[in-house]
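Architecture and fold: a report
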Protein chains: 2
Amino acid sequence: MASTIVRGRYVVTGVIDENTSNIIENGAVFQRDGEIIEVGPYEEIRSRHQPDEEIGSSDFAVIPGLVNAHHHVGLTPFQLGTLDMPLETWIIARWALRDVDPYLDTLYCAMQMIESGITTVMHNHMMARLPSDAGLYESGARIIEAYEDSGMRVAFSLSHRDQNHLVYEDDERFLATLPATLAQGIRDYLGGRPISLEDHLSVTAELIDKKQSDRTRVFISPHNVHWCSDEMLRAIKEFATRHSTGIHIHLQETVYQKMYGARNWGKTPLAHLADLGFLGPEVSCAHGVWLTEADIDILAETGTAICSNPSSNLRLKSGVAPLNVLLEKGVTVAIGIDEAGLNDDNDILQEMRVAQKIHRVPGVASPALTSHQILDLTTVNGAKVTLFEEQIGRLEPGKRADMVLVRLDRIEEPYLDPDTDIVDALVYRGKGIDVDTVIVDGDVLLRGGRFQKLDKAEIIGRFKETLARPLSPAERRRGDLSRELLPHIQRWFEGWELDRGTPHYFYNERA
Amino acid sequence: MASTIVRGRYVVTGVIDENTSNIIENGAVFQRDGEIIEVGPYEEIRSRHQPDEEIGSSDFAVIPGLVNAHHHVGLTPFQLGTLDMPLETWIIARWALRDVDPYLDTLYCAMQMIESGITTVMHNHMMARLPSDAGLYESGARIIEAYEDSGMRVAFSLSHRDQNHLVYEDDERFLATLPATLAQGIRDYLGGRPISLEDHLSVTAELIDKKQSDRTRVFISPHNVHWCSDEMLRAIKEFATRHSTGIHIHLQETVYQKMYGARNWGKTPLAHLADLGFLGPEVSCAHGVWLTEADIDILAETGTAICSNPSSNLRLKSGVAPLNVLLEKGVTVAIGIDEAGLNDDNDILQEMRVAQKIHRVPGVASPALTSHQILDLTTVNGAKVTLFEEQIGRLEPGKRADMVLVRLDRIEEPYLDPDTDIVDALVYRGKGIDVDTVIVDGDVLLRGGRFQKLDKAEIIGRFKETLARPLSPAERRRGDLSRELLPHIQRWFEGWELDRGTPHYFYNERA
């Protein structure tokens, strides 16, 4: 229990509109026991409050804590040995990745995120990355404990799927086309650890019951529309309503997923979700690259949100999401790194910049995301989709004290025009390495770039030790299976003639 | 005069094909007086040569020096006070930028480039950024001297234009549509420093005569097709042939430039250049975003190169260049940062990654640039377009000793799958901050991240001093003029209905 004054040359309390943020020059935030009590000019705040501690100086900008609105795990697929691929093959290549300790993997990545100014994350855990010898509840609980130890806020979910595990059709129909030994190997692998919908719901309920706290929300997550039966989607919607929690789902990430909808239901996967009564303000959808104009209207009407992942969409050949159109129509959009980001290092400031630049459509009058909009997506909208909207997103009295101090020296080196808006400076030039201090709920997690409660070197050392052991027979078998299966997956999708309709965006031209 | 062994855990001597580079594990390069004498396993090289000095260790990867194939000046427009805009308005907003000392501006930026592993740059100087009180020759010579002092290789050109200075039509016709006082102010500004084609040719000839050296080439540069009369383009082609030098030109950077061609010549600007007999292997074209399939065939047939600038193309709303198609058709493509890059910091490793990720087109069988291709574009192809092909691009006996040592610790932290190709590791995860040592012609420019011959702090201090003075009346007048003119420019281009044909790439879809 303590009080702090946090000061900076600029205190950005929040975004006002697409061209303006509320910026207090030589400003300060006074917080007590994690609650923001007052925000204003430093001299005034200083004269009215006697804090236990004062943090910051005119070398810093103070901004609300940033939200990474879509994330999976720690070490990236590239670190574990998989190059960027199209999502449809990449997800099979992931089978080959070695097991990692979920606690250390999460804690390592939480440190990376904190170092770039992330205070809240939407963590959606992919089941393929759970160690096969641990129970489902225990694995989820360990991941949440890593976030608890890191000090971050998290909206956590375990993702679940009950169909189409290999390609976008029934597993047995696809397996029937494979060599018999390969098919049997895959059956053994997929059947090796059956998790029923009932298991999934009861484990999620138990996590909600035992692990939710001020900084932790537990969501429920069907993996993606084509991977889930209608029955499962209905049960999950009902579960979320009953537990008053959020639903996080992947949606129309690739052109194949959109086309699957047309083939299967005669409509997009999102339209199918609408028919099921699945959508609503508690639902956030990752990616949403291949959204039609009608889809975007549905999102706006139902209050369903999109968590966009620009770098991941490039790396996995998914494409570029129609962010300008989504924002024009009033859809809630947040930004996620999706476990890697452009530089494979989970830097949210870098991802904010990618989001800003990639959606700049040719034409002098075409829309373009301002830096203020980008900051809004990663603060207020991030807070909305993680259901922390009441607590965070702005530096205002009554909100929780989640904030980041960014050093200005490198950003302004050797010269920065004195009329430059500090929000533009951060979005155009800021990087994780500029983050000095990170505070969550008034607790100082990082200061001077150093963790205050975690021994980073020790944690990384421990993590490295677990990674030094040779691959187990099960890991090697899984890797062999994945490598043998991959060309079949590739060929199956090559059989689809891709849609070539009119794009939302228009970056170049053939004739 | 000295000899060195340069060693690394990996020595990447050059790219073999799109999936392979020649990589010597625990390798070394022996160079004497700037010439590479032998490359091979460290133990063998060590047993055969007694160098004056040994550089490197197993902590490093050694790669050929990287080439930034399109660049203008030092401080970025953002640093000087201009946000990203569409090229057509941005180029007018640049009038408002304050004057900078060309020597210090260049030297500052050369240091930035060296720190990210760039050893050779295509520097194309925009005339609007020359101080109005210095002669043309003196300005060019000072910029080249900055490169000499930095130790970098440079292909330098002063860009020239003789028409359409405001919008894409005759100046006087456009000025007639403006309020009379504004029009007169612009006439005074444009007429304030007339540089004739004869001046341009004679100054370029003088720079070739006096400033060319082992590390410096002087090119000639018409700014862009629509900015140059046919007469000027013919004279420049003739000049380049007579002086056996290169031509660097901007080409079809935006959709408006492509449409100007259709309106003016009934064909693309590139087809117009072909008609003029302008193209050839000595010609490199910056950007080339709006190239048709027929244009790409012309480039391939004439051996004309493209210097692509992916980040700049996003920032200035130009679009995404059809790199996959260019490479498929055998066009020489190099990569340039265009004075800023994604992060406004001239990091070529970052730009290589942007180039790799942005051209990943949806579809499991669609092309995607491998890391080896990306390295080839920034080494061998960069050497081709700067006309240093004989000297650099690969670490091979007989080539000049331009190389970069990249620290592996951060890239491999905390784990990197042991089967990972080091070229993938560098392109997926490398950043300027990982560059430790940079060598040009055997001279060590940077070591342990520190400049060996330059006093960085002193240079930056001196640069800052020149930037601390208040704006001059002339700078303020120019800024006011630019701000008053901008809405008129914007409106003029808003009058163009944009082409919406079939794109080369297809990132999303409306229906």
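What counts and how
Residues numbered from 1 in each chain as written. Chains lettered and ligands numbered in written order. Predicted model: local features only at pLDDT ≥ 70, side-chain atom pairs only at ≥ 80, totals over all residues. Heavy atoms only, no water. 1 Å grid on protein atoms, 1.4 Å probe; cavity = no way out; pocket = protein on both sides within 12 Å on 5 of 7 lines; lining within 4 Å. Points joined across faces, edges and corners; volume = space filled by probe spheres on them. Helix = DSSP H or I, 4+ residues; strand = E, 2+ residues; numbered from the N terminus. Nonpolar A, V, L, I, M, F, W, Y, C, P; charged D, E, K, R; others polar. Least-squares fit on C-alpha atoms with pLDDT ≥ 70 in both. Contact = heavy atoms within 4.5 Å. Polar contact = N/O pair within 3.5 Å; in protein donor to acceptor, adjacent residues only side chain to side chain. Pairing = 2+ DSSP bridges. pLDDT = per-residue confidence, 0-100. Buried area = accessible area lost by both parts, 1.4 Å probe. Salt bridge = Lys/Arg side-chain N within 4 Å of Asp/Glu carboxyl O. Axes fitted to C-alpha atoms, helices over the stretch in contact; angles between N-to-C directions. Domains from an automatic or database assignment. Expected span 1.5 Å × (residues − 1). Buried < 20%, exposed > 50% of the residue type's maximum accessible area, 1.4 Å probe, protein only. Arc of directions from axis to C-beta. Parallel < 35°, antiparallel > 145°, perpendicular 65-115°, else oblique. Left-handed = near helix turned anticlockwise from the far one by under 90°.

Some thoughts on the layout of surface pockets
- The space that makes up the second largest pocket amounts to roughly 1,200 Å³.
- In terms of lining, the second largest pocket is formed by 41 residues, of which the most central are A:Arg410, A:Lys431, A:Ile433, B:Lys431 and B:Ile433.
- Elements with a contribution of two residues or more to the lining of the second largest pocket: helix 3 (102–115) and helix 18 (456–468) of chain A together with helix 3 (102–115) and helix 19 (456–468) of chain B.
- Looking at the lining of the second largest pocket residue by residue, the classes come out as 13 nonpolar, ten polar and 18 charged.

As for the relation of the copies chain A and chain B
- The transform that puts chain A on chain B rotates by 180° and translates by 0.0 Å along the axis, for an RMSD of 0.0 Å. The operation mapping one copy onto its partner corresponds to a two-fold rotation axis.
- Most of the interface of chain A is mirrored in chain B, where 100% of its interface residues again form contacts.

Points about the environment of B:Arg394
Residues and elements named next belong to chain B.
- Tracing the sequence through the fold places Arg394 in the loop between helix 16 (380–385) and strand 14 (403–407).
- Sequence separation of Arg394 and Ala425 is 31 residues, and the distance between their C-alpha atoms is 19 Å.
- For Arg394, the contacting residues outside a window of four places in its chain are Thr13, Gly14, Val15, Ile36, Pro64, Asp376, Val380 and Lys399.
- From its side chain, Arg394 meets the backbone oxygen of Val15 in a polar contact 2.9 Å long.

With respect to the sheet that holds strand 15 (residues 435–440) of chain A
- Judged by pairing direction, the sheet is mixed, and its eight strands sit side by side in the order 3-2-1-4-14-15-16-17 (chain A) without closing on themselves. In this open sheet, the two edge strands, each paired with only one partner strand, are strand 3 (35–41) and strand 17 (450–451) of chain A.

Quick look at the confidence of the model for chain A
- Of all residues in chain A, 99% attain a pLDDT of 70 or more, and the chain-wide mean is 96.
- Scored as a complex, the prediction yields pTM 0.98 and ipTM 0.97.

Topic: the interface of chain A and chain B
- The partner chain B presents 78 residues to the 78 residues of chain A that form the contact.
- Of all residues in chain A, A:Lys317, A:Val364 and A:Arg510 bury the most surface against chain B, accounting for 11% of the area lost on that side.
- Linking chain A with chain B are twelve salt bridges.
- Between B:Glu413 and A:Lys464 there is a salt bridge whose closest N-O contact spans 3.2 Å.
- At the junction of chain A with chain B, the criterion picks out 58 residue pairs in polar contact (both at pLDDT 80 or more).
- Contributing elements (two or more residues each) for the side of chain A that touches chain B: helix 9 (255–265), helix 12 (310–315), helix 14 (348–358), helix 17 (422–429), helix 18 and helix 19 (473–494) of chain A.
- Of all the elements, helix 14 of chain A adds the most residues to the side of chain A that touches chain B, at five residues.
- Broken down by class, the residue content of the side of chain A that touches chain B amounts to 39 nonpolar, 16 polar and 23 charged.

Description of the sheet that holds strand 14 of chain B
All names here are of chain B.
- Reading across the sheet, the eight strands line up as 3-2-1-4-14-15-16-17 and stay open at both edges, with mixed pairing between neighbours. A strand with exactly one partner marks an edge of an open sheet, and here the two such strands are strand 3 (35–41) and strand 17 (450–451).
- Note that strand 2 (residues 20–32) and strand 3 share six bridges and pair antiparallel. Bridging across to strand 3, Gly27 finds its partner in Pro41.
- Its contacts with the sheet place helix 15 (residues 371–378) against strand 1 (3–17) and strand 2, and it is angled at close to 115° to strand 1.

Some details on the domain arrangement of chain A
All names here are of chain A.
- Segmenting chain A into domains produces domain 1 (3–63 + 397–450) and domain 2 (66–385).
- Using only C-alpha atoms to locate each centre, domain 1 and domain 2 end up separated by 31 Å.
- In this assembly, 29 residues from domain 1 lie in contact with 25 residues from domain 2.
- Buried area between domain 1 and domain 2, both sides added, is near 2,300 Å², and the carbon and sulfur share of it is 60%.
- Here domain 1 and domain 2 share four salt bridges between them.
- With its nearest N and O atoms 2.5 Å apart, the salt bridge here joins Asp443 to Arg215.
- Among the secondary structure elements, those contributing two or more residues to the side of domain 1 that touches domain 2 are strand 1 (3–17), strand 2 (20–32), helix 17, strand 15 and strand 16 (443–447).
- For the side of domain 1 that touches domain 2, the element with the most residues is helix 17, which contributes six residues.
- Considered class by class, the residues forming the side of domain 1 that touches domain 2 number 14 nonpolar, five polar and ten charged.

Things to note about the side chain of B:His250
- On the secondary structure map, B:His250 appears in strand 10 (residues 247–251).
- Polar contacts involving the side chain of B:His250 include one to the side chain of B:His72, which spans 3.3 Å.

Focus: helix 8 (residues 230–243) of chain B
Residues and elements named next belong to chain B.
- For helix 8, spanning 14 residues, the distance from its first C-alpha to its last is 20 Å, which sits close to the expected 20 Å at 1.5 Å a residue.
- Regarding helix 8, the residues found buried are Met232, Leu233, Ile236, Lys237, Phe239 and Ala240. Down the axis of helix 8, the buried set is contained in an arc of 160°. They therefore lie on one face. For helix 8, exposure combined with an orientation more than 90 degrees from the buried face picks out Glu231, Thr241 and Arg242.
- Tucked into the core, helix 8 has its buried residues touching strand 7 (153–160), helix 7 (197–211), strand 9 (221–222), strand 10, helix 10 (269–275) and strand 11 (283–287).
- Just beyond helix 8, the residue with positive phi is Ser244, at close to 50°.

A word on helix 18 of chain A
Residue and element names in this part refer to chain A.
- Between its first and last C-alpha, helix 18 extends 18 Å over 13 residues, near the 18 Å set by a 1.5 Å rise per residue.
- Among all positions of helix 18, only Ile459, Ile460, Phe463 and Leu467 are buried. Buried positions in helix 18, seen along its axis, are confined to an arc of 95° and lie on one side of it. Within helix 18, the exposed residues directed more than 90 degrees away from the buried face are Ala457, Glu465 and Ala468.
- In this structure, the buried residues of helix 18 make contact with helix 3.

Quick notes on the packing of helix 7 (residues 197–211) of chain A against helix 8 (residues 230–243) of chain A
Residues and elements named next belong to chain A.
- For the pair helix 7 and helix 8, the least separation of the axes is 11 Å and the interaxial angle reads 15°. Overall, the two elements helix 7 and helix 8 adopt an arrangement that is roughly parallel. The two elements helix 7 and helix 8 cross, and the hand of that crossing is right-handed. Taken together, the residues of helix 8 that come into contact with helix 7 (itself represented by Leu197, His200, Leu201, Thr204, Ala205 and Ile208) are Met232, Ala235, Ile236, Phe239 and His243.
- The residue makeup of the contact of helix 7 with helix 8, split by class, is eight nonpolar, three polar and no charged.

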